[in-house]
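Structural overview for review
Listed here are the chains, written in short residue letters.
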Amino acid sequence: MSNQRTLAAPITFSGKGLHTGELVTMTVRPAEAGSGIIFRRTDLKGTPTVAALAHNVCDTSRGTTIKDGKAKVSTIEHIMSALWTLGVDNALVDIDAPETPIMDGSAREYASEILRVGTVEQSAPRRYFEVEEACTYEIAKKGVKVEVLPAEEFTIDITVDYNSSVVGVQNFLYTEAVDYTAEISPCRTFVFLHEIELLLKLGLIKGGSVESAIVVVEKPISEGTRRRICKSFGKENIEVERGYLNHQPLRFDNEIVRHKLLDILGDLALLGRRIKGRVVAVRPGHLANTQTALLLEKKLAE
Ligand SMILES: [Zn+2]
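Note that this is a predicted model, so its numbers are computed, not measured.

So, about unusual backbone geometry. Unusually for a residue other than glycine, Thr 47 sits at a positive phi of about 40°. Considering the arrangement of structural elements, one finds Thr 47 in the loop between strand E4 (37–41) and strand E5 (49–51). A count of 11 C-beta atoms within 10 Å places Thr 47 in the exposed class. The phi torsion at Arg 242 lies on the positive side, around 50°, for a residue other than glycine. Topologically, Arg 242 is positioned in the loop between strand E18 (240–241) and strand E19 (244–245).

What the domain assignment lists for the protein chain is domain 1 (3–127) and domain 2 (190–245). For domain 1 versus domain 2, the distance between C-alpha centres works out to 30 Å.

Attention now moves to the sheet that holds strand E2 (residues 11–16). The mixed open sheet is built from five strands, whose spatial order is E2-E3-E9-E4-E5. For this open sheet the edge positions go to E2 and E5, each flanked by a neighbour on one side alone. This sheet shows a mean twist of 20° between the axes of neighbouring strands, independent of strand direction. Pairing between strand E3 (residues 23–30) and strand E9 (residues 91–95): five bridges, direction antiparallel. Each bridged residue has a counterpart across the sheet, and for Met 26 the counterpart in E9 is Ile 95.

Turning our attention to the packing of helix H1 (residues 77–85) against helix H6 (residues 255–268). At a closest axis distance of 7 Å, the pairing of H1 and H6 adopts a crossing angle of 80°. The pairing of H1 with H6 is recorded here as roughly perpendicular in orientation. Residue-level inspection shows Glu 77, His 78, Met 80, Ser 81, Trp 84 and Thr 85 of H1 in contact with H6, the latter providing Leu 262, Asp 263, Leu 265, Gly 266 and Asp 267. Of the residues belonging to the contact of H1 with H6, the class tally is four nonpolar, four polar and three charged.

Looking now at the pairing of E9. Counting buried residues in E9 gives four out of five residues, a clear majority hidden from the surface. As paired strands, E4 and E9 are joined by five bridges and run parallel to one another. In the sheet register, Phe 39 faces E9, and the bridge partner there is Val 93.

Our next topic: the nonpolar core. Within the largest apolar cluster, 70 residues are counted, with the highest numbers of intra-cluster contacts made by Phe 39, Leu 83, Ala 91, Val 93, Leu 261 and Leu 271. No other element matches H6, which puts seven residues into this core. Structurally, this core is a two-domain feature, drawing no fewer than three residues from each of domain 1 (3–127) and domain 2 (190–245). Once you skip the residues sitting within four places of it in the chain, Val 93 turns out to touch Met 26, Val 28, Ile 37, Ile 38, Phe 39, Arg 40 and Ile 79.

All right, on to the sheet that holds strand E6 (residues 57–59) then. Read across the sheet, three strands follow the order E6-E7-E8 without closing on themselves; strand pairing throughout is antiparallel. Sheet topology places E6 and strand E8 (71–73) at the edges, where each strand pairs with a single neighbour. Shown here is a sheet whose adjacent strand axes are inclined to one another by a mean of 30°, direction ignored. Across two bridges, E6 lies against strand E7 (residues 65–68) in antiparallel orientation. Looking across to E7, one finds that Asp 59 is bridged to Thr 65.

Reading the values: rules and limits
Residues numbered from 1 in each chain as written. Predicted model: local features only at pLDDT ≥ 70, side-chain atom pairs only at ≥ 80, totals over all residues. Helix = DSSP H or I, 4+ residues; strand = E, 2+ residues; numbered from the N terminus. Buried ≥ 20, exposed ≤ 12 C-beta atoms within 10 Å, placed from the backbone. Domains from an automatic or database assignment. Pairing = 2+ DSSP bridges. Axes fitted to C-alpha atoms, helices over the stretch in contact; angles between N-to-C directions. Parallel < 35°, antiparallel > 145°, perpendicular 65-115°, else oblique. Contact = placed C-beta atoms within 7 Å. Nonpolar A, V, L, I, M, F, W, Y, C, P; charged D, E, K, R; others polar. Core = buried A, V, L, I, M, F, W, Y, C linked by C-beta atoms within 7 Å.

What follows is the structure in structure tokens.
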């Protein structure tokens, strides 16, 4: 058992929002023991706050969004992942927009800033959720399943399979011995080309929505499509290489499953307690991750 921790000093990030493409500034500040991670909308009158807890999740369609009254913040999963996994239990996240900056699509800069300023131990003990019985969230027809099982140590065994010949089946076993900063935080979000084709046609690719994402290309593309991609991304000579657009070379061969791990770490942090248990996740997404956190939150309340 260890004590709670917070940041040793504030850290600030600026970048484009995923949805709006507008500039966002986010400052993560130290916070009192027991406060958990709280987001504060500094651009709104009265600077309303929302706690990063599972029961505040209101949307999981393109990322995890939390809401409490007028305070609503989208795409919280990457900063949550970095803070929580690097040992920050308490923080106040000031943000001047409805969404976090997407940065390079990963949590790399978040992790490196957290490490740069460091964390300090607080006087209260950490809170844990000890898994006593198996708990499962499943969307059977989509092949999605998240199980939380009793175990001494926190581990996540994660597998993705999108029936994609490019991505294949990818698996990663996360334990607390894994170096999150080096192995997980640099892994970027991804999108399948067919999911953004309409946006490309309409010229609506903007912000950090795709420029920084890994783009998976399942089928050969026409020269016209290729030119349109180059134009949308503002880059020349983008080609398909081994099934991925080469505007963003892969950082790891299995970067996709590592990013899904980054996401589930951030979403399970919405329990507000450290999990003592083994998580087995198959094809997880923000809905399954946050619903799992909510199931555990309800067990805690019992
Ligand atoms: Zn993500």
